[in-house]
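# Remarks on the overall topology
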Amino acid sequence: MSEEKLIGYCFSCKGKHALLNAKAEWAANGSPGTRGTCANCGGTIYKAGYTPAHENLPKPEVTVKRKKKTKAGKKKASRKGKSRTRRSGKLVVVESPAKAKTIGRYLGRGYTVKSSVGHVRDLLKSRLSVDVENNFEPEYRVTNDKRDVVKELKTAAAKAKEIYLATDPDREGEAIAWHVLESAEMDPEITKRVVFHEITKPAIEKAFLEPRAIDMDRVNAQQARRILDRLVGYKLSPLLWRKVRGRLSAGRVQSVAVRLVVEREREINEFVSEEYWTLGAELSREQDREAAERPFFQARLHKLNGEDPILPSEEVVKPHLDVLEKAVWETGDVRVGKRTRRPAAPFTTSTMQQEASRRLRFNTSKTMRIAQQLYEGIDLGGEEGSVGLITYMRTDSVTVSKEAETEARSYVGKRFGPNYVPVKPPQYKTKSKTAQEAHEAVRPTAVARVPKQIKEYLSRDQYRLYKLIWDRFVASQMAPARYDTVSVDIWAGEAKVAVQKRPYLFRATGSVMTFPGFLALYEESRPDDRPDDDQNQVPSDLKEGEMLDLLRLLPEQHFTQPPPRFSEATLVKAMEEYGIGRPSTYASIISTVQNRGYVDRVDRRLQPTETGQVVNDLLVEYFPDILSVDFTARLEDELDKIAEGEAWVPVIGSFYGQFAEKLEIADESIPKIDLKKEVEPVGRACPNCGNELLYREGRYGRFIGCSNFPKCRHTEQLLNKIGVTCPNGGEMVERRTRRGRVFYGCSRYPDCEFSSWKKPVPDPANSCNGLLVQKNENETACEACGLKELIPQETAVAD
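All values reported here derive from a predicted model rather than from experimental measurement.

### Topic: the overall build of the protein chain
Counting secondary structure elements, the protein chain contains 18 helices and 33 strands. Here the protein chain holds 799 residues, and the buried ones make up 46% of them. Within the protein chain, contacts between residues at least 6 apart in sequence are counted, and of these 65% link residues at least 24 apart. Counting every atom, the protein chain has about 42,700 Å² of accessible surface; 48% of that belongs to carbon and sulfur.

And the structure:
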C-alpha cells in the first residue's frame, strides 16, 4: 500500500479524517475503492476511487448476473402483456396541490391529476454527489419527505394508459418533469410533456392537444446550473468553515450579489460630499404688471459666458446676484413643440418585484409567493370556480399574445373611448440581456376580470398585487399621453450689450398635458420620462425679443449625494442588468444572503454585515473570477446555450479545472481569520444556571449567550436603543425575529410587550403623548392621533 495519506468521510463521526490501515480493493462491479479505519473514532471508512495501490492488485472478472425470477416475478412477467391491456385513464402530474385542483376542474372525467409537491429528488446533502472524475455525473436521490409522494405517483403511473407531465413551462419545470418520470419509473412511450403559460380552460385544452417529449436540452441546462452551484457551494463552504467560522456558505450567484452590496456600501463610505449651487429666477411679462395676482414662471441659469455654470460656494454666487438684480432680461429663441409619453411595458419578474416593492412595500419573496397563488388558481365561486388569474410569473419577456392584445383594446375602447386605443398595438422589447424563452409577460389571464369585481374572493395582498398587474397590463395597451411643450432662452445682462453676447443665459421649460392616454389608468411609481416641468407655467405665446421683469432670484445650495444603498428592488434591477441570476432565482438569492447573515435589511435597505464583508474580501482575493460580475454573466450565457443543444460537460469542465486549482492555493494561503471576540464577557451571570454570560457572534450578528452552551441555551438580544421612549415607559429598542426581520419593542420585555413593525422616531413636540413612527420613506404618523408630517427631504431615502 502506498504511503500517501488518504482522507475519507466518516459517517460515524460526520467528518473527513485520515484512513488508518488502508487497503485497496475492487468492488463486485469492478469499481476501485479503499477501505480503512477512521483515525478519529475507529469506525470504518470506504473511499471510492483508483489509487496507485490498485496497479498490482488483480482485478476480478466482472460477470453480469441476472436476478432469478421469484414466483411473484414469474407471475408478473406472465401477466405483462395482460397488465398493459388493463391500463386505463390518464394521469396528469403538476407541482402543487393548488394547481392540481384548478387543472382537474378543466380536464374533467377520465383524468387523474396529482401533485409532486415541488422537486421529488435532488443531489444528496451528505456529500458532494457529483462525480468529478466521471464527466461530472450527478448522483440523485428521492428526498425523504417525497418518498411517499413518489410511491403514490409510481402506483398511479403503472395503471395509467396515458401520462402527462404538466409542470411549469421554464427549465426548472422541465427538470422536475424529467425527475418525476425517472423516479416514478414511468414508461417513456406513454409519457408526454404539456406546457401552458396560464391556467385557464382554453390554454389547458390547447396544451393537451399539442403534447411533446421532454426537452432534454433544457433539462441539461438546469442540471448543469445545479451541478455548478453544488461544486462551488460544497467546495467553498468548508473552506470558510476552516478559515472564518462554521455555518457560513458561499454560492456561485449569491456571493456575487453580496459583492454588489459590499461594494456599494464602501462606495457610500468613501464618498466625499461636495457643495454646489444652482441659480434660478422668477420672471413675469411686462404686460402683466397691473394684474392683481401677477403670473410668473421660473427659469434656470443654463450657460455663463457660454460655458456650463460652476458655482461651488455662496461666495462665488453672491457677485452674480448683484449683477442680475440690475440686469435687463430679454427673451431669445422660443421653441414650441409636442411630445408623447409611452406607457411602461407589461411586467417581467424583475419589474414586477421592483414595482411591488416601491408601491406595495412587498419584499421579493412575498411578491413571488402571492404571484404563485394568483397563477395557480383562486376560487371565484359559482360556475367559474377555481381559475388562474395571471400568466406564469417567472419570465423575462414582455411579449403579449394577440388574444390578450385584442381583449385589452376592446376593454379600453369601451371604458375610456376610442381615442384611448392606439392605432397599432404597442410593441415592447425586453431590456434583459439574457432573455431565455418566448414566454409571455406577467399579465391577467382575462382583462374582463376587473380587480374590483373579484375583490371579495381575494385576500388584501392578493388583491393589491392583482390590481397592480392588471393596471400595468391594460395601461401598456393604451395610447400614449400627449403634451404641449415650450422652451425659452432668456438673456440677462447690461442693456447696451447685444442680446446674445450677454453673459447670462437662462432657460425656462414647461409642458402641459393635452391628452392623458394611459395615465388615465396607471402611472409607474418612478418613471424616467415623467416631466419635471409640468408645474412651470411658461407662456407658449412668448415672442423673441420680449422684455421680462425679474421678480426674485432663487439661489439654492446643494450637496452631492452618495449612491443609495440597494433596496431589494434595486438589487434585483442591478442583477438583471448585469445578467446575474434568472427570473426564477432573484427572490431566493436575496433571501439567502439575508438568511446567511451576510446582509441586513435596515429601513428597507440592504447593508452588509461584518461577516459579509470579511467573507466577500476573502473570496474576491482568492477567487476573483467566481466573484466577477462579467464572468458570472458570461457563464450564465454559456448555460443558456446548453438549452439550445450545446454539450454541458465541457462548460462545467472548463470552470471546474480553474476553480479546483484556485481552491487548493486558497486553502494553503488563507490564514485563520478572527472576527469579533466571541468570548468577550458581559459582566453578569446567566439567570438560568449562574454561569458567565458572553458576547457571541451569530447568523444575525452579535448576541448574548451562556458560557455553559450547549448545556445551557439561554440567549439574549443586544439592546440597540433608538432614542425613543416606550408609551408604557422604558426605552424602545431594535429587535429581530427568528427569521431576521427587524421590529421595535420595549426594553422592559417581557414585563412590557409593546412592539411596532414601523420604526419609532423622536417627537420633540410630543403634542398628544402618542408614539410617532416612520410611516414610509417620506412621512411620519402619530399612532395615537394620526397626525402626519413630511420628513425633511435631506433625510428621506430614495430608491
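### As for the sheet that holds strand S14 (residues 297-304)
Taken together, six strands build a closed barrel; the order of strands is S13-S14-S19-S18-S15-S20 and the barrel is antiparallel. Strand-to-strand twist of the sheet, defined as the mean angle between neighbouring strand axes without regard to direction, takes the value 35 degrees. Taken together, the 12 bridges between strand S15 (residues 328-341) and strand S18 (residues 481-493) define a ladder with antiparallel strand orientation. Each bridged residue has a counterpart across the sheet, and for Arg-335 the counterpart in S18 is Ser-487.

### Some words on the sheet that holds strand S30 (residues 755-756)
On the basis of which strands lie adjacent, the open sheet formed by four strands has the order S27-S28-S29-S30 and antiparallel pairing. Sheet topology places strand S27 (720-725) and S30 at the edges, where each strand pairs with a single neighbour. Here five bridges tie strand S28 (residues 731-736) to strand S29 (residues 742-746), and the two strands are oriented antiparallel to one another. Considered in S29, the bridge of Met-732 is made with Cys-746.

### A word on the environment of Gly-377
Among the secondary structure elements, Gly-377 is positioned in the loop between helix H11 (364-376) and strand S16 (378-379). For Gly-377, a relative accessible area of 17% puts it in the buried group. For the pair Gly-377 and Val-387, spaced 10 residues apart in the sequence, the C-alpha separation amounts to 4.5 Å. Not counting the four nearest positions on each side in its chain, Gly-377 is found in contact with Thr-102, Ser-386, Val-387 and Gly-388.

### Regarding helix H3 (residues 97-107)
Buried within H3 we find Lys-99, Ala-100, Thr-102, Ile-103, Tyr-106 and Leu-107. Elements that come into contact with the buried residues of H3 comprise strand S5 (90-94), strand S6 (111-115), helix H6 (201-209), H11 and strand S17 (386-387). Phi for Gly-108, located one or two positions after H3, is positive at around 75 degrees.

### Here's the deal with the packing of helix H5 (residues 171-183) against helix H7 (residues 216-243)
Between H5 and H7, whose axes approach to 8 Å, the crossing angle comes to 100 degrees. Compared by their axis directions, H5 and H7 come out roughly perpendicular. Along the contact surface, H5 presents Arg-171, Glu-172, Glu-174, Ala-175 and Trp-178, while H7 presents Met-216, Arg-218, Val-219, Ala-221, Gln-222, Gln-223 and Arg-225. Of the residues belonging to the contact of H5 with H7, the class tally is five nonpolar, two polar and five charged.

### Quick look at the environment of Glu-692
Relative to the assigned elements, Glu-692 resides in strand S24 (residues 692-698). Considered as a pair, Glu-692 and Ser-707 are 15 residues apart in the sequence and their alpha carbons are 5.6 Å apart. Beyond its immediate stretch of four places on either side in the chain, Glu-692 contacts Pro-681, Arg-684, Gly-705, Cys-706 and Ser-707.

### Examining a negative patch on the surface
Together, Asp-637, Glu-638, Glu-644 and Glu-646 give the surface a local cluster of negative charge. With respect to the secondary-structure elements, Glu-638 resides in helix H17 (residues 629-642).

### Examining the packing of aromatic side chains
The final tally for this structure, using the stated rule, is 14 aromatic pairs. Feature note: the residues Phe-136, Phe-623, Phe-631, Phe-655, Tyr-656 and Phe-659 constitute an aromatic cluster, connected by ring pairs. One cation-aromatic arrangement involves Arg-121 over Trp-178; the distance from NZ or CZ to the ring centre is 5.1 Å. The residue whose ring lies beneath Arg-230 is Tyr-234, and the NZ or CZ to ring-centre distance is 3.9 Å.

### Here we look at the nonpolar core
Grouped together as the largest cluster of nonpolar side chains are 80 residues, with contacts concentrated most on Leu-165, Met-186, Leu-236, Leu-240, Leu-619 and Phe-623. The element contributing the most residues to this core is H7, with 10 residues. The contact partners of Leu-240, leaving out residues within four places of it in the chain, are Arg-245, Leu-248, Ser-249, Ala-250, Tyr-598, Val-615, Leu-618 and Leu-619. Counting 61 residues, the second largest nonpolar core, distinct from the first, contains Phe-208, Ile-370, Leu-465 and Phe-515.

### Some thoughts on the side chain of Ser-255
Examined against the element boundaries, Ser-255 turns out to sit in helix H8 (residues 254-270). Once residues within four sequence positions are removed from consideration, Ser-255 is found in contact with Ala-250, Asn-616, Leu-619 and Leu-627.

### Side note on the pairing of strand S22 (residues 605-608)
As judged from the four bridges shared by strand S21 (residues 599-602) and S22, these two strands associate in the antiparallel manner. Its bridge partner lying in S22, Asp-600 is registered against Gln-607. Remark: two residues form the turn of the hairpin made by S21 and S22, two consecutive strands paired antiparallel; Asp-603 in that turn has positive phi of roughly 50 degrees.

### Focus: the state of the cysteines
Linking two cysteines covalently through their sulfur atoms gives a disulfide. The tally for this structure, following the rule as stated, stands at zero disulfides. For the unlinked cysteine Cys-752, the closest cysteine sulfur is that of Cys-746, found at 3.8 Å.

### As for H17
Compared with an ideal rise of 1.5 Å per residue, which puts 14 residues at 20 Å, H17 spans 20 Å between its outermost C-alpha atoms and is within 8% of the ideal. The set of residues buried in H17 consists of Val-629, Phe-631, Thr-632, Ala-633, Leu-635, Glu-636, Leu-639, Asp-640 and Ile-642. On its buried side, H17 packs onto H5, H7, H8, helix H14 (568-578) and helix H18 (649-669). Two or three places before Asp-630, at the start of H17, stands the capping residue Ser-628, its side-chain oxygen 3.3 Å from that residue's backbone nitrogen.

### Thoughts on the confidence of the model for the protein chain
On average, residues of the protein chain score 84 in pLDDT, and 88% of them are at 70 or above. Contacts for the low-pLDDT stretch residues 793-799, under 50 throughout, to residues beyond four places or in other chains number 13 contacts.

### Some words on the packing of H3 against H6
It is the contact of H3 with H6, at a shortest axis distance of 10 Å, that shows an interaxial angle of 75 degrees. Here H3 lies roughly perpendicular to H6, going by the angle between them. Contact residues: H3 offers Ile-103, Tyr-106 and Leu-107, while H6 offers Lys-201, Ile-204 and Phe-208.

### So, the pairing of S5
Counting buried positions along S5 gives four out of five residues, so the element sits mostly inside the fold. As judged from the five bridges shared by S5 and S6, these two strands associate in the parallel manner. Bridging from a neighbouring strand, Val-93 pairs with Lys-114 of S6. Each parallel crossover has a hand, and the one from S5 via H3 to S6 is right-handed. By the bridge criterion, four bridges tie S5 to strand S11 (residues 162-165) in an arrangement that is parallel. Note on S11: the bridge partner recorded for Leu-91 is Ile-163.

### Observations regarding the pattern of salt bridges
One side chain can pair with another of opposite charge once the charged atoms of both are near each other. Overall, the coordinates contain 48 salt bridges when judged by the stated rule. The salt bridge partner of Glu-263 is Arg-259, with a shortest N-O separation of 2.7 Å. With Glu-263 and Arg-259 both in helix H8 and four residues apart, this pair spans about one turn of that helix. In this structure Glu-263 comes out as partly exposed when scored by relative accessible area, which is 39%. According to the relative accessible area criterion, Arg-259 is buried, its value standing at 19%. When salt bridges with common partners are traced through the structure, they connect Arg-171, Arg-225, Asp-229, Arg-252, Arg-582, Glu-636 and Asp-640 into a single cluster.

The rules behind the values
- Residues numbered from 1 in each chain as written.
- Predicted model: local features only at pLDDT ≥ 70, side-chain atom pairs only at ≥ 80, totals over all residues.
- Heavy atoms only, no water.
- Helix = DSSP H or I, 4+ residues; strand = E, 2+ residues; numbered from the N terminus.
- Buried < 20%, exposed > 50% of the residue type's maximum accessible area, 1.4 Å probe, protein only.
- Contact = heavy atoms within 4.5 Å.
- Areas by Shrake-Rupley, 256 points an atom, 1.4 Å probe, with all protein chains shown as cover.
- Pairing = 2+ DSSP bridges.
- Axes fitted to C-alpha atoms, helices over the stretch in contact; angles between N-to-C directions.
- Parallel < 35°, antiparallel > 145°, perpendicular 65-115°, else oblique.
- Nonpolar A, V, L, I, M, F, W, Y, C, P; charged D, E, K, R; others polar.
- Patch = residues over 30% accessible without salt bridge, like charges linked within 9 Å, V, L, I, M, F, W, Y side chains within 5 Å.
- Salt bridge = Lys/Arg side-chain N within 4 Å of Asp/Glu carboxyl O.
- Lys, Arg positive; Asp, Glu negative; His and termini not counted.
- Charge placed at Lys NZ, Arg CZ, Asp CG, Glu CD.
- Phe/Tyr/Trp six-rings, centres within 6.5 Å; stacked < 30°, edge-to-face > 60°.
- Lys NZ or Arg CZ within 6 Å of the ring centre and 35° of its normal.
- Core = buried A, V, L, I, M, F, W, Y, C linked by side-chain atoms within 4.5 Å.
- Disulfide = S-S within 2.5 Å.
- Expected span 1.5 Å × (residues − 1).
- Polar contact = N/O pair within 3.5 Å; in protein donor to acceptor, adjacent residues only side chain to side chain.
- pLDDT = per-residue confidence, 0-100.
- Right-handed = clockwise from strand over helix to strand, strands pointing away.

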